[in-house]
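Here are the chains, one letter per residue:
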Amino acid sequence: MTHYIVPLLDTKLRISTNVTITTLSAIRIDPLCALRVNETHVLSICVDRIYSLMDSSRISTFCISILLIVYGSFRSLNMENEQKERDKEKEKEREKNPLDPSPLGNSNEQNVQTIDSTQAMFLPVGASVSLLIMFFFFDSMQTVFATCTALIATVAFAFLLLPMCQYLVRPCSDGTKMSFGCCGRFTSAEIISFALSFCLVCVWVMTGHWLLMDALGMGLCVAFIAFVRLPSLKVSTLLLTGLLIYDVFWVFFSSYIFNANVMVKVATRPADNPVGAMARRLHLGGIMKEAPKLSLPGKLVFPR
């Protein structure tokens, strides 16, 4: 009777144990068994690591994030160039007609928000307050959150669709603006982009599909990059440092204070559908059952 000590490795739990095996003297165990098992274990770890790095959802999130930053930057630069051309045209008209009382002005300053040092320091504080409000009062205000998010997403996605609509209507439109009273004046491309965005938001509200939610989130990202300006490296450093502290605290340390991960709970909590809330008020049971809960488009989701 012979006793052999054989190391066994569990590739799932990564636990190494020594098991005593009692065998007859006639049985032979390969002395390279432990080495082969270790090699298999290391190979499985490498394969798992490579698979996790090459996960399609992570690659999609990374690539689309980079594309959104680049596209939003180009949209911002294009807005500045268009405004400069308008100012030059107004200046030429002013030179031709010096008695014209209309001021030159820079209408782009009214549409674009430039963040200064004070706003950069207090933006993470305001974001923290908003996060806490959503954490404590989400159940009582979820319909309000979903409605406001849908309205903002409609405008943002219309801005995202605007270049495509301008390209499509260019052969049949001269770019004249139509008046809508107190709402302002808009071109045909702006009207079409808003109508398409409104239809997309309505479909998202009725279905709650993750792909539509991602599209609305992309529109929000591009609009934020295009309309918010950081004038200097100092302001950029203050803002990014504050947002880094904001993310680290609410993701990794909030559970020690609030007994829950505030960021994860707010980001993953679905909101009540406004259609369902309206159906309950009007006692329309069929529509209320069909209206799904909504995940707010503040994140990009790619299922595996």
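Each remark here, short or long, concerns the structure printed above.
Along each chain, residue indices are assigned from 1 in the same order as the chain's sequence is written. Only residues with pLDDT of at least 70 get local features here, since the model is predicted, and only at 80 or more are side-chain atom pairs given and counted; chain-wide, interface and lining totals rely on the full set of residues. The side-chain numbers reported here are obtained from all heavy atoms of the structure, hydrogens and water having been left aside.

## Overview of the pattern of salt bridges
Part 1 of the argument: Each salt bridge in this description consists of a side-chain nitrogen of Lys or Arg and a carboxyl oxygen of Asp or Glu lying within 4 Å of one another. Counted by the stated rule, this structure contains 2 salt bridges.
Part 2 of the argument: For the salt bridge of Arg-86 with Glu-82, the shortest nitrogen-to-oxygen distance reads 3.7 Å. Of this pair, Arg-86 and Glu-82 both sit in helix 2 (residues 56-96), 4 residues apart, which is roughly one turn of that helix. A run of DSSP states H or I qualifies as a helix once it reaches four residues; a run of E qualifies as a strand once it reaches two. Both are numbered from the N-terminal end.

## Concerning the packing of aromatic side chains
Part 1 of the argument: Here is the rule: rings of Phe, Tyr and Trp (six-membered ring for Trp) pair when centre to centre is within 6.5 Å. Planes less than 30 degrees apart are stacked, more than 60 are edge-to-face, and the remainder are tilted. Enumeration over the complete set of coordinates arrives at 7 aromatic pairs.
Part 2 of the argument: Both rings, one in Phe-135 and one in Phe-136, keep their centres 5.0 Å apart while their planes meet at 75°; by these two values the pair is edge-to-face.
Part 3 of the argument: Taken together, Phe-135, Phe-136, Phe-249, Trp-250 and Phe-258 form an aromatic cluster joined through their ring pairs.
Part 4 of the argument: Sitting above the plane of the Phe-159 ring, Arg-75 keeps its charged end 3.9 Å from the centroid. We call a charge positioned over a ring when the NZ of a Lys or the CZ of an Arg lies within 6 Å of the ring centre and within 35 degrees of the ring normal.

## Concerning the nonpolar core
Part 1 of the argument: Grouping buried Ala, Val, Leu, Ile, Met, Phe, Trp, Tyr and Cys residues that are joined through side-chain atoms within 4.5 Å yields what is termed a nonpolar core. Only protein chains enter the accessibility calculation, which uses a 1.4 Å probe; a residue whose area is less than 20% of its type maximum is buried, one above 50% is exposed, and one in between is partly exposed. If you look at the biggest cluster of nonpolar residues, it comprises 27 residues, and the most contacted ones within it are Phe-157, Phe-159, Leu-200, Val-201, Trp-204 and Leu-216.
Part 2 of the argument: Elements supplying a minimum of two residues to this core: helix 2, helix 4 (117-169), helix 5 (188-207) and helix 6 (210-227).
Part 3 of the argument: Here this core takes 10 residues from helix 4, the largest share from any one element.
Part 4 of the argument: If you look at the next biggest cluster of nonpolar residues, it comprises 8 residues, including Phe-135, Trp-250, Ala-260 and Met-263.

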